[in-house]
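What follows is each chain in one-letter form.
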Amino acid sequence: MKISFSIVVPMYNESSGIEAFFSRTLKVMDELGEPFEIICINDGSRDDTLERLRQIHGRDPRIKVIDLSRNFGKEIALTAGIDFASGEAVIPIDADLQDPPELIPRLVEKWREGYDVVYATRIERDGESFFKRWTARMFYRLIRRLTRIGIPGDTGDFRLMSRPVVEALKSLREQHRFMKGLFSWVGFRQVSVPYRREPRFAGKSNWNYWKLWNFALEGITSFSYVPLQIATYFGLLIAFFSFCYGLYLLVRTLLYGNPVPGYPSLMVVILFLGGVQLFTLGVVGEYIGRIYNESKRRPLYFVRQTMGNFLGHNT
Ligand code: UDP
Ligand code: MG
């Protein structure tokens, strides 16, 4: 039997909310009345998420489990799930019910109209601090400016993707996986559906600002060379002003002689250029690090065990 929908759920310490997630999601999916699978990726949870998934899989074989060998992070967990999905449409969703499963029928509806990617855009973010909302908004604005791909703001990973998009996505095997960027980068016909984002149902968010900051860096450096260019322009600008200053000193010395040994100007120039060089080196190093990482071509994850019959996985 052909599977219409693959729901892909990365799970990291989601034990407390798991029953609620499945009861709501199964209800929605049953109402759709088409064959589906729910692929849960246990991303190295430290609680009993895996045990619970094992039980749930026993009750309902449509719920399938991929147990990663350790915590790889959400982006990789999601990638694993998408690799194993066999549905005509693949729908990544968070386990914490912040992405309401009740929205899925509306995503499906748009897909039936012929769109390849139907992403859910939140119109409100309940239960999140003003500062988190603000940082998120600034981040999307920045990334839209810096990169040519239009990553929609206020959009998580909750979306529906058609088979061709999934295949395109599967061919991207880079190590630095900024999924939101990759989703947009593959292109295809995309459309958004608005919804209200709810506060986390149970458990706690794995986010903190340090992670968010790194996430932003990841997004920008994965898709943009602008930081590298900033360093170049900055360097050029400094060099230009140094040249002018040097010229001024030269002319002044020729006309009036040198009253004081040029200690201050020397120091200023040396320090400034040293700073610029370090800064530039830092940026270059960032990219070299990336080249290094990509060139290693490591597998993205190791699956320890799987439960269920993954039709979509061709090894
Ligand atoms: N998640 C994961 N691996 C991680 C961190 C999170 O698979 O290392 C999953 C988590 O279980 C949830 C989803 O990713 O299903 C979103 O996580 P979270 O709610 O912590 O992020 P937020 O909603 O704050 O963006
Ligand atoms: Mg969440």
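You'll find the structure just up there.
Residues numbered from 1 in each chain as written. Chains lettered and ligands numbered in written order. Predicted model: local features only at pLDDT ≥ 70, side-chain atom pairs only at ≥ 80, totals over all residues. Heavy atoms only, no water.

### As for the coordination of the magnesium ion (ligand 2)
Geometry sets the ideal angles at a metal, namely 109.5 degrees for four tetrahedral donors and 90 or 180 degrees for six octahedral donors.
Then comes step 1: Looking at the metal site, the magnesium ion (ligand 2) is ligated by Asp-96 (OD) and Gln-98 (OE1), spaced 1.9 Å from it. Accessibility classification places Asp-96 together with Gln-98 in one group, the buried group. (Donors = N, O, S within 2.8 Å, 3.2 Å for Na, K, Ca; no water. Buried < 20%, exposed > 50% of the residue type's maximum accessible area, 1.4 Å probe, protein only.)

### Here we look at the pairing of strand S4 (residues 89-92)
Then comes step 1: Where burial is concerned, the two faces of S4 agree: the one with Ala-89 and Ile-91 and the one with Val-90 and Pro-92 are both buried.
Then comes step 2: One ladder, built from four bridges, connects strand S1 (residues 5-11) with S4; its direction is parallel. The partner of Val-8 across the bridge, within S4, is Pro-92. (Helix = DSSP H or I, 4+ residues; strand = E, 2+ residues; numbered from the N terminus. Pairing = 2+ DSSP bridges.)

### Some points on a positive patch on the surface
Then comes step 1: Together, Arg-133, Arg-137, Arg-141, Arg-144 and Arg-145 give the surface a local cluster of positive charge.
Then comes step 2: Structurally, Arg-145 is set in helix H5 (residues 130-146).
Then comes step 3: Judged by relative accessible area, which is 74%, Arg-145 ranks as exposed. (Patch = residues over 30% accessible without salt bridge, like charges linked within 9 Å, V, L, I, M, F, W, Y side chains within 5 Å. Areas by Shrake-Rupley, 256 points an atom, 1.4 Å probe, with all protein chains shown as cover. Salt bridge = Lys/Arg side-chain N within 4 Å of Asp/Glu carboxyl O. Lys, Arg positive; Asp, Glu negative; His and termini not counted. Charge placed at Lys NZ, Arg CZ, Asp CG, Glu CD.)

### Concerning unusual backbone geometry
Then comes step 1: If you check the backbone angles, Leu-97 has positive phi at about 65 degrees while not being a glycine.
Then comes step 2: Relative to the helices and strands, Leu-97 resides in the loop between S4 and helix H4 (104-112).
Then comes step 3: Despite not being glycine, Phe-188 has its phi angle at roughly 75 degrees, a positive value.

### Things to note about helix H2 (residues 49-59)
Then comes step 1: Considered for burial, the residues of H2 that qualify are Thr-49, Leu-50, Leu-53, Ile-56 and His-57. The buried residues of H2 occupy an angular sector of 120 degrees when projected down its axis, which confines them to one face. Those residues of H2 that are exposed and aimed more than 90 degrees away from the buried face are Gln-55, Gly-58 and Arg-59. (Arc of directions from axis to C-beta.)

### A look at the side chain of Asn-42
Then comes step 1: Within the secondary structure, Asn-42 is located in strand S2 (residues 36-42).
Then comes step 2: Separated by 2.8 Å, the side chains of Asn-42 and Asp-67 make a polar contact.
Then comes step 3: Dropping the residues within four chain positions of it, Asn-42 is found in contact with Met-11, Thr-49, Leu-50, Leu-53, Ile-66, Asp-67 and Leu-68. (Polar contact = N/O pair within 3.5 Å; in protein donor to acceptor, adjacent residues only side chain to side chain. Contact = heavy atoms within 4.5 Å.)

### Topic: helix H6 (residues 163-170)
Then comes step 1: For H6, every residue scored as buried is listed here: Arg-163, Val-165, Val-166, Leu-169 and Lys-170. Take H6 and look down its axis: the buried residues cluster within an arc of 160 degrees, on one side only.

### Quick notes on the pairing of S2
Each regular strand shows side chains that alternate between the opposite faces of the sheet.
Then comes step 1: S2 sits mainly inside the fold: seven of its seven residues count as buried.
Then comes step 2: Alternating positions in S2 separate into two faces, Phe-36, Ile-38, Cys-40 and Asn-42 on one and Glu-37, Ile-39 and Ile-41 on the other, with burial throughout.
Then comes step 3: Pairing of S1 with S2, which is carried by seven bridges, proceeds in the parallel orientation. For Met-11, the partnering residue across the bridge sits in S2 and is Asn-42.

### Concerning the pattern of salt bridges
Then comes step 1: Applying the stated criterion across every chain, the model contains 15 salt bridges.
Then comes step 2: Linking Arg-52 and Asp-48 is a salt bridge whose minimum nitrogen-to-oxygen distance equals 3.6 Å.
Then comes step 3: For Arg-52, a relative accessible area of 26% gives the class partly exposed.
Then comes step 4: A salt bridge links Asp-94 to Lys-74, with the shortest nitrogen-to-oxygen separation between them at 2.8 Å. Taken together, the residues span a long stretch of sequence, with Asp-94 in the loop between S4 and H4 and Lys-74 in helix H3 (residues 74-84) at a distance of 20 residues.
Then comes step 5: Judged by its relative accessible area of 15%, Asp-94 falls in the buried class.

### What to know about the packing of aromatic side chains
For any two aromatic rings, the description comes down to two numbers: the centre-to-centre distance and the angle of the planes.
Then comes step 1: Summed over the entire model, instances satisfying the criterion amount to four aromatic pairs.
Then comes step 2: With centroids separated by 5.2 Å and ring planes inclined at 75 degrees, the aromatic side chains of Phe-21 and Phe-22 adopt a geometry described as edge-to-face.
Then comes step 3: On the accessibility criterion, Phe-21 (0% relative accessible area) is buried.
Then comes step 4: Taking the relative accessible area as the measure of exposure, Phe-22 reaches 2% and is therefore buried.
Then comes step 5: Centre to centre, the rings of Phe-84 and Phe-310 are 5.1 Å apart; their planes meet at 75 degrees, and the pair counts as edge-to-face. A residue pair is termed long-range when its members are at least 10 positions apart, and Phe-84 in helix H3 and Phe-310 in the segment after strand S8 (303-307) qualify at 226 residues.
Then comes step 6: The ring of Phe-72 is capped by Arg-70, whose NZ or CZ atom sits 4.1 Å from the centre of that ring.
Then comes step 7: Positioned above the aromatic ring of Tyr-115, the side-chain terminus of Arg-189 is 4.4 Å from the ring centre. (Phe/Tyr/Trp six-rings, centres within 6.5 Å; stacked < 30°, edge-to-face > 60°. Lys NZ or Arg CZ within 6 Å of the ring centre and 35° of its normal.)

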